[in-house]
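Each chain is listed here by its residues.
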Amino acid sequence: MTVEWAPREPEPTGHNTLNYTEQGGEVTHIGGTLIFEKDAFVEGLPLPYRQMGHQDQSAATTVAALKDDFNELLMRLVASGFMDEGETTEE
């Protein structure tokens, strides 16, 4: 007596299979779009999820004024958390 097994078509579950966690649970794959809503928080994410405030275009007409505008931008990046302070130098 022989029994033949016919392959069975998987039934749709309505779940997205692009996202899955590997065995052991240490790695999760996301194959689709991941959307973070405003004020969302992900523990361990190195950067905060928030927009930095608007920076006006420079109207500098001298190199010194352009340097000041650029330094202001750097300080805004630090204040927003997108860049660490590093070492500052005084001139």
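The structure this text deals with has already been given above.
Caption draft 1: Representation of the overall build of the protein. Summing up its helical and strand segments, the protein has 1 helix and 2 strands in all. When the helices and strands of the protein are placed in sequence order, the string is β-β-α. When each of the 91 residues of the protein is scored for burial, the buried share is 2%. Put simply, 29% of the contacts in the protein that link residues at least 6 apart link residues at least 24 apart. A total accessible area of about 9,200 Å² is found for the protein, and carbon and sulfur atoms account for 54% of it.

Caption draft 2: Here's a closer look at the side chain of S80. Tracing the backbone shows S80 in helix α1 (residues 63-80). Judged by its relative accessible area of 8%, S80 falls in the buried class.

Caption draft 3: Highlighting the environment of Q57. Secondary-structure assignment places Q57 in the loop between β2 (28-29) and α1. Residue class for Q57 comes out exposed when judged on its relative accessible area of 78%. Linking Q57 and D69, residues 12 residues apart in sequence, is a C-alpha distance of 8.8 Å.

The rules behind the values
Residues numbered from 1 in each chain as written. Predicted model: local features only at pLDDT ≥ 70, side-chain atom pairs only at ≥ 80, totals over all residues. Heavy atoms only, no water. Helix = DSSP H or I, 4+ residues; strand = E, 2+ residues; numbered from the N terminus. Buried < 20%, exposed > 50% of the residue type's maximum accessible area, 1.4 Å probe, protein only. Contact = heavy atoms within 4.5 Å. Areas by Shrake-Rupley, 256 points an atom, 1.4 Å probe, with all protein chains shown as cover.

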